[in-house]
Structures are given as structure tokens and as C-alpha cells.
Amino acid sequence: MLEINPGVAIWTIITFLILVAILKKVAWKPIIDALTQREDSIRKALEDAQKAKEEAQRLMEENKRNLARAEEEVQRIIREGRETAERIRAEILEKARKEADMMIERAREEIERHREQAMLQLRAQVADLAIEVASKLIGEVLNEQKHRKLVEKYLQEISSEKRA
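Conventions we followed
Residues numbered from 1 in each chain as written. Predicted model: local features only at pLDDT ≥ 70, side-chain atom pairs only at ≥ 80, totals over all residues. Heavy atoms only, no water. Helix = DSSP H or I, 4+ residues; strand = E, 2+ residues; numbered from the N terminus. Rg over C-alpha atoms; globule rule 2.2 N^0.38 Å. Buried < 20%, exposed > 50% of the residue type's maximum accessible area, 1.4 Å probe, protein only. Salt bridge = Lys/Arg side-chain N within 4 Å of Asp/Glu carboxyl O. UniProt positions renumbered as here; feature names shortened; annotations may be inferred. Patch = residues over 30% accessible without salt bridge, like charges linked within 9 Å, V, L, I, M, F, W, Y side chains within 5 Å. Areas by Shrake-Rupley, 256 points an atom, 1.4 Å probe, with all protein chains shown as cover.

A. Molecular detail of the overall build of the chain. On a plain count of helices and strands, the chain comes out with 2 helices and 0 strands. In terms of overall size, the chain is more extended than a compact globule, its C-alpha atoms giving a radius of gyration of 61 Å where 164 residues would be expected to give roughly 15 Å. Summarising its shape, the C-alpha atoms of the chain cover approximately 190 × 25 × 25 Å along the three principal directions. Looking at the 164 residues of the chain, the share that counts as buried comes to 4%.

B. Region of the structure containing the pattern of salt bridges. All told, the structure shown has 14 salt bridges when counted by the stated rule. The salt bridge involving Asp101 is made with Arg97; its shortest N-O contact spans 2.9 Å. Here the residue Asp101 and the residue Arg97 both occupy positions in helix H1 (residues 6-138), the gap between them amounting to 4 residues, near one helical turn. Its relative accessible area of 38% is what places Asp101 among the partly exposed residues.

C. Quick peek at the UniProt feature "coiled-coil region" (unreviewed entry) in the chain. The UniProt record annotates "coiled-coil region" (unreviewed entry) at residues 32-124. Helix makes up 100% of residues 32-124 and strand 0%, and the two end C-alpha atoms of the span are 134 Å apart.

D. Here's a closer look at the environment of Ile4. Turning to its location among the elements, Ile4 is positioned in the segment before H1. Between the C-alpha atoms of Ile4 and Val74, which are 70 residues apart in sequence, the distance is 91 Å.

E. Structural detail: a nonpolar patch on the surface. A cluster of nonpolar side chains, namely Ile10, Trp11, Ile14, Ile18, Ile22 and Val26, defines an oily patch on the protein surface of about 610 Å² accessible area. Note that Val26 resides in helix H1.

Okay, structure coming up:
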């Protein structure tokens with residue numbers, strides 16, 4: 001069994017070479033083409049995966065930028081809202097202060113009118129009282145119009161002395 005037969009060895013080598021030649025002609029090309037196609041498809045898949053990874057990275061960075069812009073926009077809107085609220089608050093306070101000042105001024109004017117009316121009524125009463133007292137003292141009834149003029153003149157003198 002361990003002996004080498006040269007005839008069989010030569011025929012084995014010839015058969016092997018014929019088989020290799022046939023396989024080269026018939027099967028080798030399709031096998032190599034299939035392997036090349038497989039290699040190309042793997043390379044393409046790796047390239048696509050790399051492109052997808054780069055695209056995902058780009059989109060992630062773009063999303064981060066968009067998020068940062070949105071955050072800035074939110075902060076701007078909040079800041080503008082606060083500024084607007086502060087401005088409205090100041091306007092409301094100013095309007096309320098003006099209205100309060102106007103109410104106070106109207107109240108002062110109303111008080112002044114009432115004081116003037118009271119003074120006029122008091123003058124009229126004092127004039128009537130003075131005429132009545134004067135007529136009782138003199139014992140005769142003078143012309144009421146003359147008395148009134150006299151009392152008015154006297155009251156004006158008193159008023160001008162108080163102002164001075």
C-alpha cells in the first residue's frame with residue numbers, strides 16, 4: 001500500500017491537470033466572479049454603512065444646532081415677554097398714578113368750590129345779620145340796598161387785610 005506506482009501517479013497528475021483546466025474554463029470564472037461580486041457587495045455595504053454613519057452624524061449635529069437655535073429663540077421670546085410685561089406694568093402704574101393725580105386735583109377743585117360757596121353763603125348771612133343789627137341799633141330801617149353795599153365793602157376790606 002505504501003508503494004508508489006509511477007503510472008498511476010502520472011495518470012493522477014494528468015487527470016488532476018485536466019480537471020483543473022476544465023474547472024478553470026467552466027467553474028473557476030463563475031467562482032471568481034461570485035467572489036468578486038460578494039467582495040464588491042460587501043465593500044458597497046461598508047461604504048453605504050459609512051455614508052449612513054456620516055449622514056447620521058451630520059443630522060445629529062444639525063439637530064444639535066437646531067436645538068440650540070430653538071433654545072435661543074425660547075430665551076429671546078421669554079426675555080421679550082418679560083420686557084413687554086414690565087413695559088405694560090409701568091404703563092399701567094403710570095396711568096394709575098395720573099388718574100390718581102387727576103382725582104386728587106378734582107377733589108381739591110371740588111373742595112375749593114365748596115369752600116367758595118360756603119364763604120359766599122357766610123358773607124350773605126353776615127350781611128343779612130349786619131343789616132338787621134345795624135337797623136336795630138340805628139332804630140330805623142335804611143334802604144336794604146345801601147346796607148348791603150356798605151356790608152359788602154366792609155367784608156372786602158376785611159378779606160383784603162387777611163390776604164395781605
